[in-house]
Structures are given as C-alpha cells and as structure tokens.
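Single-letter residue listing:
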Amino acid sequence: MIPISALLPEELAQTLQVSPPYRGRQLFAWIHHRLVFDFNLMSDLPENLRRDLAGRALPVALKQDMKLEDAEGAVKFRFRLLDGSTIESVILQDRRGRKTACLSTQVGCAMGCLFCRTGSLGFGRDLKDHEIVDQYLLLRSLASPDLSSVVFMGMGEPLANLDSLHRAVDVLGYGGFSPRRITLSTCGLVEGIRSLGERKLPVRLAVSLVSADADIRNRLMPIARSNPLPELRRALLEYQEVLGKRITLEIVLMGGINDRSEDVEALVGFVQGRSGQLPLRVLINLIPWNPLPEFSYKRPETRSVEWFQERIKQAGIPVTTRMPRGSAVCGACGQLG
Ligand code: SAH
Ligand code: SF4
C-alpha cells in the first residue's frame, strides 16, 4: 500500500499511474480540501479507478488509537503508525476560540532534555513526510477543519528531521495553509538552524533556550554541550539576517532552577549582546514547567513568573507567559508520551 498524503497533484498522477493528469488534482482536492479519505466516496472518479486505488493506496496511514478531551477545548490524540509505533498530536484552543494543532516530528526524541517526558522515552525513529501530513489531516477531520496555526512542538526535534518536515510544510502550503502560520520549535541545533536559513523556509522559528547560563543549560539539555550558547546566538543572528523575522525564545521555567535574578540577567544579556554584538530581535515566551509525576522539578510560583516577566519587560524585550492549556489531557508542552 502506498501512503499518498505527502504527494502533490502531479506526483499523485505519476506515482499511482493514473490518467488523465487531472485525476491527480481531483485526488489532492478530496484528501486535502474535503478531508475524504475513502476512495469509494470520491464521486468524480470512475468506479473501477476507485476500486483499484482502494487496493493499493492509503490517503492517510495513521490510525486513531486514543482521544482525550478537556473542558478548555484541548483534544489529544494518540495515533498508531503502520509499523505499530505510536505518536501524539494535540489541538489546543485559546480564549478567543482559535485552534492550534501541535504536531510531532519523531517517535520519541533523542535529545534527552531532563525536564521533558518525550525526552525520557528515548528515540524511536524519524517520522516520514506523510506521517507528519497525516496528523494535520486527521486533526482537521476528527476535531477541527479550521486551524489558525500549526506548531511543531509535539514529540521529537523538528530540525533533526528537516527533510520530511520541509516536504510536509510544502504540501500544507500547496493545500492553502501558509507556512507563515507554522511555527517550528527547536532545542537549539546550530547546524539545523543554519540549514533552515539556507532553505529560506518562511516558517516562524522558536528556540527552547531554557537558560542563558551555560552551566544550567548544559545540565538540563545534553545537546547544549555540542551546541554552545555563543554558537547558537551567532546562528540565530545569521538566520535573522536572511529571514528578517522575530524569533521566539521559549523559557520553560522551573522553580529554583532557572527562575532566579541571575537567570533573568543572563537571559537579557543573551538577547541584548555584549558591546559590539548585534542584539537579537525576539519575543520571549515563558512556559511555567508542566508538572510530571516522575520528575522532581517544581512549577515556579505565579508571583515569581510575574516578577521574571516584569524584569524582561523593563529591559525593553517583548515577553508573554504561556498559560498551561491542555494539561488536563497531558497535552501540554513536554507532557506528550
Ligand atoms: N523538541 C522541540 C519541540 C518539542 S518540545 C523543542 O525542544 O523545542 C516543545 C516545548 O515544550 C519546548 O519549548 C520544551 O522546552 C517544552 N517543554 C518540555 N517539557 C516541558 C514541561 N514539562 N513543561 C513545560 N514545557 C516543557
Ligand atoms: Fe526532545 Fe524537545 Fe523534549 Fe528536548 S524538550 S527532549 S528536544 S522534545
């Protein structure tokens, strides 16, 4: 069976050997615009073609394994892949009712950040391009056809699977979902950020900085040793020169670990740079750590988050705090797995 959700119209016609070529456009429209995944319902295709395709092609290959919903409109799905492994994808809703799909890029994650449940699972494998597109299609079909944004903040490290991700972004774009509404979040892989800049992919970039203190970052994020802060900063400046966009720095705040006054000063210093260095153009997003029973970190007190935010604001840096939405279904940041 051939998975086909990451094929563009011409490729559909070619790969499936169907003619005339406009059949590819029809198939693409059924799958991506009408969210119909059953060939039998594709009424403008000849019946013999529908039967033939049903025997050899898969519009979506993922199967829903579990669904959890909470009162705030968060819906978490577990999907089973063809090889039996599972991933999770979430729809989160903000106060204005706008919906964001949070998609996974890998089974598990190899980066091993000490505060993250996905990291504690270890690495399974990279998702294929169609497995990324399938999550987008299934979330729309099972929960919400209209999405305001897509974020790659589910399981896995997007920049460690950039080819599949790039392809998925292209397919979503072809289907009418602009890359400007897509955010990719990375733990800070310097090579990956350079490669993203070279590809000039017009998605938004978020970086899980966590701490601008090298010792703390090295302790919490094993990848920080091979991707040290000065190099990360240089890569972000270069990226900004090419794409000209504001970057989001995500700071998961853990009480007593990275929410102290020296931590906020280090963060402000990282953004503003030393004399002679260019400042970074960023939005800082504070994420109070979402508690996980198997970890001993603490969510910081609300007033300490407010104080941290105020100090950043005083330094003239735009800052927001992400309220923990979706935590009732363990669909909040870092709770997937
Ligand atoms: N691998 C990518 C994207 C997935 S993680 C990355 O690290 O950026 C998405 C976000 O969740 C990251 O900003 C990460 O720092 C954050 N996160 C991980 N565990 C968390 C937890 N327990 N509470 C709150 N945020 C967490
Ligand atoms: Fe992987 Fe991101 Fe979790 Fe780190 S925070 S382990 S990079 S998913």
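Because the structure is predicted, anything quoted here is derived from the model rather than measured.

Caption draft 1: Fine view of the overall build of the protein chain. Within the protein chain, the secondary structure is distributed over eleven helices and 14 strands. Over its C-alpha atoms the protein chain spans a radius of gyration of 21 Å, differing by no more than 12% from the 20 Å that the globule rule assigns to 337 residues. Scored against the burial criterion, the 337 residues of the protein chain give a buried share of 54%. Counting only carbon and sulfur atoms, one obtains 50% of the accessible surface of the protein chain, whose full area is about 14900 Å². When the 43 basic and 37 acidic side-chain charges of the protein chain are each reduced to a single mean position, those positions are 3 Å apart.

Caption draft 2: A look at the site of ligand 1. By nearness alone, 19 residues border ligand 1, and Gly156, Ser185, Ser208, Trp289 and Asn290 come closest of all. Interatomic distance of 2.9 Å between a backbone N/O atom of Gly156 and a nitrogen atom of ligand 1. At 3.5 Å from an oxygen atom of ligand 1 is found a main-chain nitrogen or oxygen belonging to Thr186. Here ligand 1, which alone exposes 530 Å², has 96% of that area covered by the protein. Grouping the constituent residues of the shell around ligand 1 by class yields ten nonpolar, seven polar and two charged.

Caption draft 3: Geometry of the sheet that holds strand 3 (residues 63-69). With respect to topology, ten strands assemble into an open sheet ordered 3-4-5-6-9-10-11-12-13-14, the strand pairing being mixed. Of all strands in the sheet, those with a lone pairing partner are strand 3 and strand 14 (319-321), marking the two edges. When the angles between neighbouring strand axes are averaged without regard to direction, this sheet yields 20°. Bridge analysis of strand 11 (residues 204-208) against strand 12 (residues 247-253) gives three bridges, and the strand direction is parallel. Counted as the bridge partner of Ser208 is Glu250 from strand 12.

Caption draft 4: Inspection of the domain arrangement of the protein chain at higher detail. What the domain assignment reports for the protein chain is domain 1 (2-58) and domain 2 (63-329). When each unit is reduced to the centre of its C-alpha atoms, the spacing between domain 1 and domain 2 is 34 Å. Across the contact, 14 residues belong to domain 1 and 14 residues belong to domain 2. Considering only the surface of domain 1 that becomes buried against domain 2, Ser5, Ala6 and Leu35 emerge as the three largest contributors, covering 38% of it. For the pair domain 1 and domain 2, the interface holds one salt bridge. Here Arg167 makes a salt bridge to Glu11, at a shortest N to O gap of 2.4 Å. Counting across the interface, domain 1 meets domain 2 through five residue pairs in polar contact (both at pLDDT 80 or more). When residues of the side of domain 1 that touches domain 2 are traced back to their parent elements, those giving at least two are helix 1 (9-15) and helix 2 (22-33). Here the side of domain 1 that touches domain 2 takes four residues from helix 2, the largest share from any one element.

Caption draft 5: Expanded view of the pattern of salt bridges. Enumeration according to the criterion identifies 20 salt bridges in this entry. We note a salt bridge from Glu131 to Arg125, for which the minimum N-O separation is 2.9 Å. Neither residue differs from the other here; Glu131 and Arg125 are each classed as buried. Overlapping salt bridges bring together Asp65, Arg78 and Arg80 as one network.

Caption draft 6: Structural context of helix 10 (residues 261-272). Look at helix 10: 17 Å from first C-alpha to last across twelve residues, which is about the 16 Å you get at 1.5 Å a residue. At the exit of helix 10 stands Gly273, carrying a positive phi of roughly 80°.

Caption draft 7: How the structure looks around the pairing of strand 3. The sheet contact formed by strand 3 and strand 4 (residues 75-80) spans six bridges and is antiparallel. Across the sheet, Lys67 pairs through a bridge with Phe77, a residue of strand 4. Where strand 3 hands over to strand 4, the hairpin turn is made up of five residues, of which Gly73 adopts a positive phi near 90°.

Criteria and cut-off values
- Residues numbered from 1 in each chain as written.
- Chains lettered and ligands numbered in written order.
- Predicted model: local features only at pLDDT ≥ 70, side-chain atom pairs only at ≥ 80, totals over all residues.
- Heavy atoms only, no water.
- Helix = DSSP H or I, 4+ residues; strand = E, 2+ residues; numbered from the N terminus.
- Rg over C-alpha atoms; globule rule 2.2 N^0.38 Å.
- Buried < 20%, exposed > 50% of the residue type's maximum accessible area, 1.4 Å probe, protein only.
- Areas by Shrake-Rupley, 256 points an atom, 1.4 Å probe, with all protein chains shown as cover.
- Lys, Arg positive; Asp, Glu negative; His and termini not counted.
- Charge placed at Lys NZ, Arg CZ, Asp CG, Glu CD.
- Near = heavy atom within 4 Å.
- Polar contact = N/O pair within 3.5 Å; in protein donor to acceptor, adjacent residues only side chain to side chain.
- Nonpolar A, V, L, I, M, F, W, Y, C, P; charged D, E, K, R; others polar.
- Pairing = 2+ DSSP bridges.
- Axes fitted to C-alpha atoms, helices over the stretch in contact; angles between N-to-C directions.
- Domains from an automatic or database assignment.
- Contact = heavy atoms within 4.5 Å.
- Buried area = accessible area lost by both parts, 1.4 Å probe.
- Salt bridge = Lys/Arg side-chain N within 4 Å of Asp/Glu carboxyl O.
- Expected span 1.5 Å × (residues − 1).

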